[in-house]
Amino acid sequence: MKILVVNAGSSSLKYQLIDMDNEQVIAKGLCDKIGLADSNIKHKAGDGREYAAEIAMPTHSEAFEALMYALAESDAKVISSPDEIGAIGHRVVHGGTYFNKSCLVDDDVAEKVDELKELAPLHNHPHYLGIVACTKTFGKDVPQVVVFDTAFHQTMPEKAYIFGLPYEYYEKYAVRRYGAHGTSHKYVSERCADLMGKDKKDLKIVTCHIGNGASITAVDGGICVDTSMGFTPLDGFIMGTRSGGVDPSALTYIANKENITPDQMSDLLNKKSGLLGISGVSSDNRDVSAAAAEGNHRAALANEIQRYQIAKFVGSYIAAMNGVDAIVFTAGIGENDPTLRTEVCKHFGYMGVKIDEEKNLIRGEEVEISTPDSTVKVFIIPTNEELAIAKDTLEIVTNLKK
Ligand code: ADP
């Protein structure tokens, strides 16, 4: 079956068409600047053929039409008819308390995805628009599945997800830790168990998804027992533009001093903080590291804080699980920044974690970067959220037909 994986953002729509018979990507692409004057599509077939065009995309609906044109009619087309698409899998950031696993889309599910936009302001509404646009193109004949970034974290015990706030806010508004990047943490922890040749039930793994957005998860026996992102993807440690955890009273103090509203504070914490806020250079790890190498103190400080905070989370999750068998690095920074991995792992030298610095330089593949005598295995495992979404979609659609 060919499955179309859709990741709709506020002004973009990323997609991959995956052949689940061999798990190969048939084509992938990006509709960018939706709603802006210079909206465009870039599409690449698995055999290297490319199609790119500036097309008016006032809404996600036109973006979806453009991607269907790219897939079925353009010079880089990969299918002869939309009928070849067996199912659609949507990435959804927040499932709230409604969803603890992936599920088939119906009207009620679509509405709940939209309702949860309060918890993930940058993501859930665009995901809903993506679902609506798909339904408009395919009608109800092609099953759609939603795969939630929060679902893997629903196994956390209460002690990990209840905040130190009056309990009534959990009861009234479901304010609690939900986590994010669950699809990635699940995927890399399962790949880690495979690479170690062990049953995931017998392993304690700390998975570090370090990209522009970043989170760390404690996976004990194959299930999530704690994770660094919280009520929204803001909690944890510093990211590209997000602050991670900050003393809450610092925020009320700044809000009073600067006379800023809760929405402005949310903007400050989500878009102006983290690597960008500290360095004043960029939210992009490569830019910050380059500026640090040229002697920019604040850029070097941003790098240092990021690595230090990551190490503290890894350490706290080793304590939470009372041990660790493997540490996994994934996502843009986790997969590509050897210095970050070295600096983080140095904090665990006391317990016998050792990195092979030559292996640490390998890129773009699954690799064990710890030395044979390291007490804990350390891996780089490129994440593949699209494949994980396609697998869940296939499973749900296959069960439908039974
Ligand atoms: P997103 O959360 O947007 O999916 P990614 O997982 O794509 O983010 O990660 C983006 C981050 O990865 C950026 O900060 C980028 O600088 C960093 N990155 C990408 N390639 C490299 C590299 N070769 N060295 C260091 N950092 C890198």
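Data block above holds the structure.
Attention in this report is confined to the structure presented alongside it. Numbers given to residues run from 1 along each chain, matching the order in which its sequence is written. Restriction of local features to residues with pLDDT of at least 70 applies here, the model being predicted, together with a cutoff of 80 or more for giving and counting side-chain atom pairs; totals for whole chains, interfaces and linings are based on all residues. Based on all heavy atoms of the structure, the side-chain values leave hydrogens and waters out of the count.

## A look at the packing of aromatic side chains
Right, so step 1: For this analysis, a ring pair means two rings from Phe, Tyr or Trp (six-membered ring only for Trp) whose centres lie within 6.5 Å, classed as stacked if their planes differ by under 30 degrees, edge-to-face if by over 60, and tilted for the remaining angles. Taken as a whole and judged by the stated rule, the model has 10 aromatic pairs.
Right, so step 2: A ring pair is formed by tyrosine 51 and tyrosine 69, whose centres lie 5.7 Å apart and whose planes are at 55°; its orientation type is tilted. Taken as a pair, tyrosine 51 in strand β5 (residues 50-54) and tyrosine 69 in helix α1 (residues 60-72) lie far apart in primary sequence, 18 residues in all.
Right, so step 3: Buried, partly exposed and exposed residues are distinguished by accessible area as a fraction of the type maximum, computed with a 1.4 Å probe on protein chains only: under 20%, between the cut-offs, and over 50%, respectively. On the basis of relative accessibility, which here comes to 15%, the residue tyrosine 51 falls in the buried class. Strands here are runs of E lasting at least two residues and helices are runs of H or I lasting at least four, both read from the DSSP assignment and numbered beginning at the N terminus.

## Some thoughts on the sheet that holds strand β4 (residues 40-45)
Right, so step 1: Reading across from one edge, β5-β4-β3-β2-β1-β6-β8-β7 is the order of the 8 strands in this open sheet, with mixed pairing throughout. Both outer strands of the open sheet, β5 and β7 (103-104), are each paired with one neighbouring strand and no more.
Right, so step 2: Alignment of β7 against strand β8 (residues 144-148), held across 2 bridges, turns out to be antiparallel. Across the sheet, the residue bridging to cysteine 103 is valine 146, located in β8.
Right, so step 3: Here a residue-residue contact requires only that any non-hydrogen atoms of the pair lie within 4.5 Å. For helices, the axis comes from a line fit to the C-alpha atoms of the stretch in contact; other axes are also lines fit to C-alpha atoms, and the angle between any two N-to-C directions lies between 0 and 180 degrees. Against the sheet, helix α2 (residues 107-115) touches β6 (85-92), β7 and β8, its axis set at about 35° to β8.
Right, so step 4: Set on the sheet, helix α14 (residues 385-401) makes contact with β1 (2-8), β2 (13-19), β6, β7 and β8; between it and β6 the angle comes to about 125°. Here the rule is simple: two strands pair whenever DSSP picks up at least two bridges between them.

## Here we look at the side chain of arginine 177
Right, so step 1: Within the secondary structure, arginine 177 sits in the loop between α5 (168-173) and α6 (182-196).
Right, so step 2: Distance and chemistry together define a polar contact, namely a pair of N or O atoms within 3.5 Å, with one atom able to donate a hydrogen and the other to accept it when in protein, and with adjacent residues in sequence counting only for side-chain atoms on both sides. Engagement of the side chain of arginine 177 in a polar contact is seen with the backbone oxygen of alanine 160, the distance being 3.1 Å.
Right, so step 3: Once you skip the residues sitting within four places of it in the chain, arginine 177 turns out to touch Met156, Ala160, Tyr161, Phe163, Asp226, Thr227, Ser228, Met229, Gly230, Phe231 and Asp235.

## As for the site of the ligand
Right, so step 1: Every residue near the ligand is listed here: Gly211, Asn212, Gly213, Asp284, Asn285, Arg286, Ala331, Gly332, Ile333, Asn336 and Arg363.
Right, so step 2: Backbone polar atom of asparagine 212 to an oxygen atom of the ligand: 3.0 Å apart, as the coordinates give it.
Right, so step 3: Within the backbone of arginine 286, an N or O atom sits 3.1 Å from an oxygen atom of the ligand.
Right, so step 4: For accessible areas, the Shrake-Rupley method is used with a probe of radius 1.4 Å. Any residue's cover is judged against the shown protein chains and nothing else. Calculation on the ligand without its partners gives an accessible area of 580 Å², and the protein chains cover 67% of this total.
Right, so step 5: For the shell around the ligand, the leading source of residues is helix α12 (residues 331-336), giving 4 residues.
Right, so step 6: Split into classes, the residues belonging to the shell around the ligand amount to 2 nonpolar, 6 polar and 3 charged. What makes a residue near a molecule or strand is one non-hydrogen atom of that residue sitting within 4 Å of it. Residues are grouped as follows: nonpolar covers Ala, Val, Leu, Ile, Met, Phe, Trp, Tyr, Cys and Pro; charged covers Asp, Glu, Lys and Arg; every other residue, Gly included, is treated as polar.

## Description of the pairing of β2
Right, so step 1: The buried fraction of β2 amounts to 6 of the 7 residues, a majority that puts the element mostly inside the structure.
Right, so step 2: Relative to β2, β1 runs antiparallel, the two sharing 7 bridges. For lysine 2, the partnering residue across the bridge sits in β2 and is aspartate 19.
Right, so step 3: Counting the residues between successive antiparallel strands, the hairpin from β1 to β2 contains 4 residues.
Right, so step 4: Strand direction decides the pairing type here: β2 and strand β3 (residues 24-32), joined by 7 bridges, are antiparallel. The residue of β3 that forms the bridge with isoleucine 18 is valine 25.
Right, so step 5: As consecutive antiparallel partners, β2 and β3 are separated by 4 residues, and within that stretch glutamate 23 has a phi angle of approximately 55°, a positive value.

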